[in-house]
Amino acid sequence: MMRKLIILLMVILAACDKNDPELICIDRTPESIQECVTEVNVSSDQCILLESRQLNGYFKYVYYHDGVKYDSVERYEDQEGELKLQSTYYLTYNRDGLFSEVNQRFVSGGSLNYLFAYEEPVMAVRINLLSVDNEVTLDYTTLYLYVPNTPDTLYYQDYSKIYPGSPANNIEVLQYEGGNLIRGYQYNEEGTCEFQNNLFSLNGRYYYDSRPNVLTQEVLLGRSYDFSLFVSFDSNNYIGEADGINDPAVNCFTVLTNGGGDYWLKSNDYVEYIYDCE
């Protein structure tokens with residue numbers, strides 16, 4: 001059945017300047033948590049990604065680099081106990097080195113096309129699915145918060161303006177600090193946090209290390225199972241979260257480093273990456 005949903009690109013997120021009311025909240029989460037990160041030393045100034053392998057054995061991605069950038073990635077899936085080529089991603093970049101288009105062509109025919117538009121504070125991702133007969137069977141656009149140049153900000157996100165028909169009070173407040181999303185708040189009439197005369201509850205507090213974010217678009221592509229953004233917006237690496245009630249949840253991972261401030265994601269609980277510098 002054909003389904004077509006197009007959401008027009010609009011500014012739906014408003015940054016709060018110093019004249020806006022503060023978010024007042026009782027926060028019982030710890031100030032920090034202990035990171036679970038392992039560093040492995042390499043001697044190269046550059047590590048080119050060759051493969052990513054899902055630890056469950058169901059998926060593998062093979063990367064191709066033209067000497068300047070990655071131009072294509074092959075995706076293999078488990079079929080009756082054997083990894084077989086399922087599709088190939090062809091990558092196009094903008095002048096900032098970000099994906100502008102990702103075209104996924106299936107061995108069985110048809111394609112899935114991702115078109116990226118970055119205009120702070122919004123990133124729009126338009127997804128087109130073409131059948132074997134080259135007919136559009138799916139076409140929709142989704143908007144995401146994109147604030148790379150606004151490191152310390154509160155953002156008010158009203159989903160009723162993104163998804164018509166959704167509840168009027170489906171509202172979030174997102175708190176950024178140092179370029180990282182550190183807290184998320186959800187509208188709740190019984191919440192204990194106050195912002196702009198409305199009550200919210202704390203969804204969680206998120207913690208980061210001090211290393212540059214290793215989740216590049218290519219790395220994210222290689223851990224995806226299906227539709228994906230291929231974008232991580234934070235400046236640093238997520239190491240866990242807390243809600244002030246339960247023990248913090250910790251995110252463990254391993255990185256390669258050359259000791260000069262460069263880092264590459266080696267593995268986490270779900271996927272392992274293979275580089276030419278190892």
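All figures in this text were calculated on a predicted structure; none of them were measured in a lab.

### Comments concerning the overall build of the protein
Check the secondary structure of the protein and you find 1 helix and 22 strands. Computed over its C-alpha atoms, the radius of gyration of the protein comes to 21 Å, within 12% of the 19 Å expected for a compact globule of 278 residues. Across its three principal axes, the protein shows a C-alpha extent of roughly 55 × 50 × 40 Å. Per-residue burial over the protein gives 45% buried out of 278 residues. In the form shown here, the protein has an accessible surface area of approximately 15,200 Å², with 47% of it arising from carbon and sulfur atoms.

### Structural notes on the environment of N197
When you line up the elements, N197 lands in the loop between β16 (193–195) and β17 (198–208). When the C-alpha positions of N197 and L23 are compared, they lie 9.7 Å apart, and in sequence the two are 174 residues distant.

### Notes on the packing of aromatic side chains
Inspection of the entire model under this criterion finds 11 aromatic pairs. Aromatic pair F116 and Y118: ring centres 6.3 Å apart, planes at 10°, arrangement stacked. Accessibility assignment for this pair places F116 and Y118 in one class, buried. Residues Y156 and F195 carry aromatic rings whose centres are separated by 6.4 Å and whose planes lie at 35° to one another, so their mutual orientation is tilted. A residue pair is termed long-range when its members are at least 10 positions apart, and Y156 in strand β13 (residues 153–158) and F195 in strand β16 qualify at 39 residues. Pairwise contacts between aromatic rings join Y93, F99, F116, Y118, Y146 and F233 into one cluster. The ring centre of Y76 lies 5.0 Å from the NZ or CZ of K60, which sits over that ring. Over the face of the ring belonging to Y90 we find R105, whose NZ or CZ atom lies 4.4 Å from the ring centre.

### Considering the side chain of T254
One can find T254 in strand β20 (residues 252–257). Classification of T254 by relative accessible area gives buried; the value is 17%. Residues contacting T254, with those up to four places away along its chain left out, are T38, V40, W264, L265, K266 and S267.

### Describing the nonpolar core
In this structure, L91, F99, F116 and Y275 are the most contacted members of the largest nonpolar core, which totals 43 residues. Setting aside residues no more than four positions away along its own chain, L91 makes contact with Y70, D71, S72, V73, F99, E101, V102 and L221.

### Focus: the state of the cysteines
A covalent bond between the sulfur atoms of two cysteines is referred to as a disulfide. Evaluated as defined, the whole model comprises 3 disulfides. Residue C25 pairs covalently with C193 via a disulfide, S to S 1.9 Å. Of the two residues, C25 sits in strand β3 (residues 24–25) while C193 sits in strand β16, which places them 168 residues apart along the sequence. The class for C25 is partly exposed, based on a relative accessible area of 24%. C193 gets classed as buried once you look at its relative accessible area, which sits at 1%. The side chain of C47 participates in a disulfide bridge whose partner is C277; the two sulfur atoms lie 2.0 Å from each other. A torsion of 100° about the S-S bond marks the disulfide between C47 and C277 as right-handed. Here C47 is found in the loop between β4 (36–41) and β5 (49–54), whereas its partner C277 is found in the segment after β22 (271–275), with 230 residues between them in sequence. We classify C47 as buried; its relative accessible area is 3%. Given the relative accessible area of 14%, C277 is considered buried.

### A closer look at the pairing of strand β12 (residues 136–145)
Taken across its 10 residues, β12 has 7 buried, putting it largely inside the fold. Summarising the sheet, strand β11 (residues 122–130) and β12 pair through 9 bridges and their orientation is antiparallel. Across the sheet, L129 pairs through a bridge with L138, a residue of β12. The turn linking β11 back onto β12 is made up of 5 residues, and N134 within it adopts a positive phi angle of 65°.

### Structural notes on the side chain of Q86
One can find Q86 in strand β8 (residues 82–93). For Q86, a relative accessible area of 17% translates into the label buried. What Q86 contacts, discounting residues up to four positions off in sequence, is R75, Y76, E77, Q104, R105, F106 and V107.

### Topic: the pattern of salt bridges
Using the criterion set out here, one finds 12 salt bridges in the structure. For R211, the salt bridge is made with E39, and the minimal N-O distance between the two is 2.9 Å. Of this pair, R211 sits in the loop between β17 and α1 (217–221) while E39 sits in strand β4, placing them 172 residues apart in sequence. A residue is classified by how much of its surface remains accessible, and R211, at 9% relative accessible area, is buried. The class for E39 is partly exposed, based on a relative accessible area of 38%. Residue D139 pairs with R126 through a salt bridge whose shortest N-O separation is 2.7 Å. Taken together, the residues span a long stretch of sequence, with D139 in strand β12 and R126 in strand β11 at a distance of 13 residues. Note on R126: relative accessible area 34%, which makes it partly exposed. Three or more residues joined by partner-sharing salt bridges are found here, namely D27, E31, R183 and R205.

Cut-offs applied
- Residues numbered from 1 in each chain as written.
- Predicted model: local features only at pLDDT ≥ 70, side-chain atom pairs only at ≥ 80, totals over all residues.
- Heavy atoms only, no water.
- Helix = DSSP H or I, 4+ residues; strand = E, 2+ residues; numbered from the N terminus.
- Rg over C-alpha atoms; globule rule 2.2 N^0.38 Å.
- Buried < 20%, exposed > 50% of the residue type's maximum accessible area, 1.4 Å probe, protein only.
- Areas by Shrake-Rupley, 256 points an atom, 1.4 Å probe, with all protein chains shown as cover.
- Phe/Tyr/Trp six-rings, centres within 6.5 Å; stacked < 30°, edge-to-face > 60°.
- Lys NZ or Arg CZ within 6 Å of the ring centre and 35° of its normal.
- Contact = heavy atoms within 4.5 Å.
- Core = buried A, V, L, I, M, F, W, Y, C linked by side-chain atoms within 4.5 Å.
- Disulfide = S-S within 2.5 Å.
- Pairing = 2+ DSSP bridges.
- Salt bridge = Lys/Arg side-chain N within 4 Å of Asp/Glu carboxyl O.

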